[in-house]
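# Examining the three-dimensional arrangement
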Amino acid sequence: MIQTVAVNLKRFRAEQGLTQPELAKKSGVSISSVKTLETCKATNPSAKTLGALARALNRTIGDLLTEPLRLERIRFRAKASFAQYRRINVVNLCARWLDDYCYLEDVLGVASFFKPLPPFNVANDDLGEYANEVRKALEIQPDAPIYDVADVLRKRSVKLWYCPQRPADAVYGLAIQESPQATGVVVFNDGKISTERVIFTTVHEFAHLLLHEDSFKSEITQESKTEERQADAFASYFLMPKKLFLQQWEASVGGRFVERVLRVKRFFRVSYLTVLHRLVEEKLVDPNVYVKFPIAYRETTGESLRNHREPNALSPFDVPTDRFQRLACEAALAGKITVDRAAEMLSVPTLQAYELINQAGGIV
Amino acid sequence: MKRYSPALLLDACVVSDILNVDVEIISLITQVLGAVYVPSVIVDELRRKFELDEIIKLGFEILEVSDEAQYAATVVKNQKKYRALTQNDCACLIMASQTNCSCVTNDFALQKACKDFNVAVLWELEVVLMLYERDGISYERAERYLDKLKRISFYITPQVSERFTTELNQIKKKKET
């Protein structure tokens, strides 16, 4: 227990940007107590001491006494370096979600296990072809866009969470392959990123599960450019198969360039940049299209594409629903968990969860 | 009638139900059955939806959850057996145990845990039945409570409704004889 308190105290203090003397002052606990607690030299602290420290850190006694969960086979990389405590927080958050997800499946008797797909032939290195193979294995029509990526993941029992918080600006998602049941994708969707990005990131992380099984190691924190490029390429071909893309592009002939891009991007539910990348890749346009398109867009619509604005964007309601919320509601309806526990799992206030569960139970 | 302690500790959903269905019933509960407590840990939650002053005026008393109780709640919550509960659920359980209150909840998982700790538990509708039995409310008011509650709470399944009506009628019959 004392080790748990020590780990948590250090990370919550770092999170709040407090020094040991500052925490001591804010909590009214002596500085020597703070030090001995953080170095595991203290005997079991009293509830009063823990309460004072928890309040000073905007946490609860429960937070201080609960060990952060770890994951061994997580693929959580970022361009920017992360403070250790922030990494622990993100891993803990995702591990709790996955643990809760598996628990819900177990209590409802619907446990699901990752169903692997045909392996990627590295020698061949044709991700377009591999994406088509995967689409085929998932029984997706070759001439159809993907309307529900959550459903695609569900078919292979990959758990999906659209986490309502984002740990840092440059972090969009991660993937976990802890065990066949605990295999999942987390996309950080705080509502500030476009739905197109949410969809693309979902497939990008799914791609890591298929392509980079050996790189699921918690100790690796730096991004691998090659792996990122491969995951991006897979996501692009998976959402926008080559043949279908060319058909759609051809079908849009007659419209202005801007209109054609917007029409095609909307058809495939991808960003306009994904379409531009493909056009460049297929040598259908010059690489300076990245500069020209925003100007042409402004001339056509009078609007700017600054600040990562997505033109002709999907609505936030187009984000697919993950199965987690449904399971939490079902478990509460079946009396397997309390309403408050469902609220905790769904990161919503209790009475909001009560409403959600009521609606899931047919009370509108 | 079930074992109950003459002080009631309500969970957030039950408080919300009462405030939505029949607010005046609170003063009747306090007069007929005993004090009605709300643990401090759910007060912030209730504040999001209701005026706290109003809640207190109606007769709810806030029961402060001490650091010791929070500590004990964490110990319970961190046991695998109680994964269905949250820290706040466990705090309710500990407070009910320490203050000898009956825990009023419709959450089956919390009820089960209460039984493990020998805490008396009541369903929300049992409180309504007890009120009617002790002449705190009329038969019609009890019926109206059920009618409104089943429109806003998933806990009130047709089976629960039917059982309530049967028990209500049994009490009525008993009263008449």
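Within each chain, residue numbers correspond to sequence positions counted from 1 in written order. To read the labels, note that chains go from A and ligands from 1, taken in the order they are written. Only residues with pLDDT of at least 70 are given local features in this predicted model, and only at 80 or more are side-chain atom pairs given and counted; all residues enter the totals for whole chains, interfaces and linings. Hydrogen atoms and water are omitted, and side-chain values are computed over all heavy atoms in the structure.

### Notes on the overall build of chain A
Check the secondary structure of chain A and you find 17 helices and 4 strands. Seen along its three principal axes, the alpha-carbon backbone of chain A occupies a region of about 75 × 50 × 45 Å. Throughout, exposure labels follow a simple rule: accessible area from a 1.4 Å probe, protein chains only, divided by the maximum for the residue type, with under 20% read as buried, over 50% as exposed, and the rest as partly exposed. Counting every position in chain A, which comprises 364 residues, the buried fraction comes to 52%. Pairs at least 24 apart in sequence give 69% of the contacts found in chain A among residues at least 6 apart. As presented, chain A carries roughly 17400 Å² of accessible surface, and 50% of it is formed by carbon and sulfur atoms. Positive and negative side-chain charges of chain A, numbering 49 and 44 respectively, have mean locations separated by a distance of 5 Å. Runs of E in the DSSP output that reach at least two residues are strands. Runs of H or I that reach at least four are helices, and both are numbered from the N terminus. By the convention used here, residues are in contact when the closest approach between their heavy atoms is within 4.5 Å. Per-residue and other accessible areas were derived by the Shrake-Rupley procedure at a 1.4 Å probe size, with only the shown protein chains allowed to occlude residues. By the counting rule applied here, Lys and Arg register as positive and Asp and Glu as negative, while His and the ends of each chain are not counted. A charge is said to be at NZ when it belongs to Lys, at CZ for Arg, at CG for Asp and at CD for Glu.

### A few points about the layout of surface pockets
The gaps left among the atoms become clear once a water-sized probe is rolled over them. Residues and elements named next belong to chain A. Its volume calculated, the second largest pocket comes out at about 1400 Å³. Counting residues per element, the ones that place at least two in the lining of the second largest pocket are strand S3 (173–177), helix H9 (195–211), helix H10 (225–239) and helix H13 (272–281). Ranked by residues supplied to the lining of the second largest pocket, first place goes to H10 with 7 residues. Looking at the lining of the second largest pocket residue by residue, the class counts come to 12 nonpolar, 9 polar and 18 charged. The definitions used throughout rest on a 1 Å grid laid over the protein atoms alone, on which a cavity is an enclosed set of points accommodating a 1.4 Å probe that cannot get out and a pocket is an open set flanked by protein within 12 Å on both sides along at least five of seven lines; lining residues are those having an atom within 4 Å of a point. Grid points are joined across faces, edges and corners, and a volume is the space filled by probe spheres set on the points. Under the convention adopted here, Pro, Cys and the residues Ala, Val, Leu, Ile, Met, Phe, Trp and Tyr are nonpolar, Asp, Glu, Lys and Arg are charged, and Gly plus all remaining residues are polar.

### Focus on the side chain of Arg77 of chain A
All names here are of chain A. In this fold, Arg77 is placed in the loop between strand S1 (74–75) and helix H6 (84–108). Polar contacts, as counted here, are pairs of nitrogen or oxygen atoms within 3.5 Å of one another; within protein the pair requires one atom able to donate a hydrogen and one able to accept it, and residues that are adjacent in sequence qualify only if both atoms are side-chain atoms. Within the local environment of Arg77, its side chain forms a polar contact with the backbone oxygen of Ser215, the two atoms lying 2.8 Å apart. A polar contact of 3.5 Å, which involves the side chain of Arg77, links it to the backbone oxygen of Ile220. For Arg77, the residues in contact, after removing those within four places along its chain, are Ser215, Ile220, Thr221, Gln222, Glu223, Ser224 and Glu227.

### A look at the domain arrangement of chain A
Note that the domain bounds were set by an automatic or database domain assignment. Domain annotation for chain A reports domain 1 (2–65), domain 2 (74–239) and domain 3 (322–360). Between the C-alpha centres of domain 1 of chain A and domain 3 of chain A there is a distance of 32 Å.

### Some words on the pattern of salt bridges
Salt bridges are counted wherever a side-chain nitrogen of Lys or Arg sits within 4 Å of a carboxyl oxygen of Asp or Glu. Enumeration according to the criterion identifies 31 salt bridges over all chains in this entry. We note a salt bridge from Asp190 of chain A to Arg166 of chain A, for which the minimum N-O separation is 3.5 Å. Highlighted residues: Asp190 of chain A in the loop between strand S4 (183–188) and H9 and Arg166 of chain A in the loop between strand S2 (159–163) and S3, separated in sequence by 24 residues. For Asp190 of chain A, a relative accessible area of 26% corresponds to the partly exposed category. Here Arg151 of chain B makes a salt bridge to Asp147 of chain B, at a shortest N to O gap of 3.0 Å. Placement of both Arg151 of chain B and Asp147 of chain B in helix H9 (residues 139–152) is noted, with a separation of 4 residues, approximately one turn of the helix. Arg151 of chain B sits in the exposed class, given a relative accessible area of 53%. Where salt bridges share partners, they join Asp99, Asp100, Arg341 and Glu344 of chain A together with Arg83 of chain B into one cluster.

### A word on the environment of Val149 of chain A
Mapping Val149 of chain A onto the fold places it in helix H8 (residues 149–155). Once you skip the residues sitting within four places of it in the chain, Val149 of chain A turns out to touch Tyr162, Ile199, Thr202, Val203, Leu239 and Pro320 of chain A.

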